[in-house]
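Descriptive structure summary
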Amino acid sequence: TEDEVGCRYLLLNEGRGIHSMYCPGRLRTLGPWDFFLVAPYLNAPPYSPDRVTRVALVGLAAGTMARQFTSVYGPIPIDGIEIDAEIVRVGQEYFGMHQPNLNVIIADGRFALTRSPHRYTIIGIDAYRLPYIPPHLTTVEFFQQVRGHLTDDGVLAINVGHTPDDYRLVEAMLATLLEVFPSAHVIDVPQSFNAVVFATVQPTNAGNLLLNLPQLEDNDFLYQTTLQAAARLHFLTPGSLVFTDDRASIELLTNALILDYIQERILP
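What comes next is a walk through the structure. Please read these numbers as outputs of a predicted model, since none were measured by experiment. (Residues numbered from 1 in each chain as written. Predicted model: local features only at pLDDT ≥ 70, side-chain atom pairs only at ≥ 80, totals over all residues. Heavy atoms only, no water.)

1. Focus on the pattern of salt bridges
Operational definition: Any carboxyl oxygen of Asp or Glu that lies within 4 Å of a side-chain nitrogen of Lys or Arg is treated as forming a salt bridge with it. Helix and strand assignments follow DSSP, with helices taken as H or I runs no shorter than four residues and strands as E runs no shorter than two, numbered in order from the N terminus. Partly exposed residues are those whose accessible area sits between 20% and 50% of the maximum for their type, while under 20% is buried and over 50% is exposed, using a 1.4 Å probe and protein chains only.
For the coordinates displayed, the defined rule picks out 6 salt bridges. Between Asp-153 and Arg-51 there is a salt bridge, and its shortest N-O distance comes to 3.8 Å. With a gap of 102 residues between them, Asp-153 in strand E7 (residues 150-161) and Arg-51 in the loop between helix H1 (32-36) and strand E3 (55-58) connect regions that are remote in the sequence. Residue class for Arg-51 comes out partly exposed when judged on its relative accessible area of 38%. Across the pair Asp-166 and Arg-168 runs a salt bridge, and its minimum N-O distance is 2.7 Å. Looking at Asp-166, the relative accessible area reads 12%, which means it is buried.

2. What about the side chain of Asn-212?
With respect to the helices, strands and loops of the structure, Asn-212 is situated in the loop between helix H7 (208-211) and helix H8 (220-231). On the accessibility criterion, Asn-212 (0% relative accessible area) is buried.

3. A look at the sheet that holds E3
To keep things clear, this is the line we draw: Note on pairing: two strands pair once DSSP finds at least 2 bridges between them. Angular values range over 0 to 180 degrees, each being the angle between N-to-C directions of two axes fitted as lines to C-alpha atoms, with helices fitted over their stretch in contact.
With mixed pairing, 7 strands are arranged side by side in an open sheet as E5-E4-E3-E6-E7-E9-E8. At either end of the open sheet lies a strand with only one pairing partner, and these are strand E5 (102-106) and strand E8 (183-188). Mean inter-strand twist for the sheet, computed between neighbouring axes without regard to direction, equals 15°. Sheet topology note: the E8/strand E9 (residues 194-200) ladder contains 6 bridges and is antiparallel. Across the sheet, Ser-183 pairs through a bridge with Thr-200, a residue of E9.

So, to be careful, I would describe these as geometric facts and stop short of saying anything about function.
Written out as structure tokens, the structure reads:
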């Protein structure tokens with residue numbers, strides 16, 4: 001779809017979720033994609049943009065984040081993994097997905113990432129089939145594989161759903177990530193049912209986002225997005241549920257969130 005100012009939105013046949021957004025001449029989306037860019041600034045200061053050397057995106061869709069990362073960090077190598085070749089075609093035809101530094105890989109995200117020969121500064125996971133995350137992309141075993149493909153200062157970022165009052169899925173994701181990584185942090189996406197959860201290879205403090213701002217003054221979009229991310233930090237206690245390859249009950253938990261939300265907010 002396209003709105004009156006020329007912004008295009010990728011919607012699939014599962015419902016109302018927006019999988020990609022493209023506004024010619026504008027990087028800011030006000031959606032979850034923006035916040036993936038701030039991942040490395042959870043590391044101890046001073047951390048500058050030139051230290052971001054390679055990125056992997058699991059759930060490339062029509063290339064919103066690939067465009068943003070290229071604009072902010074220059075022509076660094078980006079491996080964009082997308083399971084649906086038709087979505088890639090749409091991204092190239094309608095969403096400006098022609099970055100020469102983008103290596104498009106048509107494959108399941110876990111299969112492709114775990115077979116990659118590279119290590120990445122940032123691995124972003126945004127592989128919804130709304131409102132569900134594929135269970136095999138949420139487990140301790142998968143995140144162990146992810147950590148093995150991150151650099152020593154690498155950061156994983158994953159888009160996770162919640163309702164206004166129910167963060168059980170985010171809390172379970174935190175608990176799962178902390179089985180593998182020393183630190184994890186949550187940023188709420190404004191006016192949405194999304195949070196971006198970050199896990200860092202190094203022990204980190206959420207306050208590093210503000211301490212790294214002086215390194216970002218040359219890029220207004222990155223500076224403002226990092227400032228907004230710091231203001232949207234959500235300090236949660238990890239839950240008791242941990243997802244593993246043997247038991248990843250993410251669909252049951254997501255269903256519970258949806259049903260409770262309908263019962264509390266919609267049904268009389």
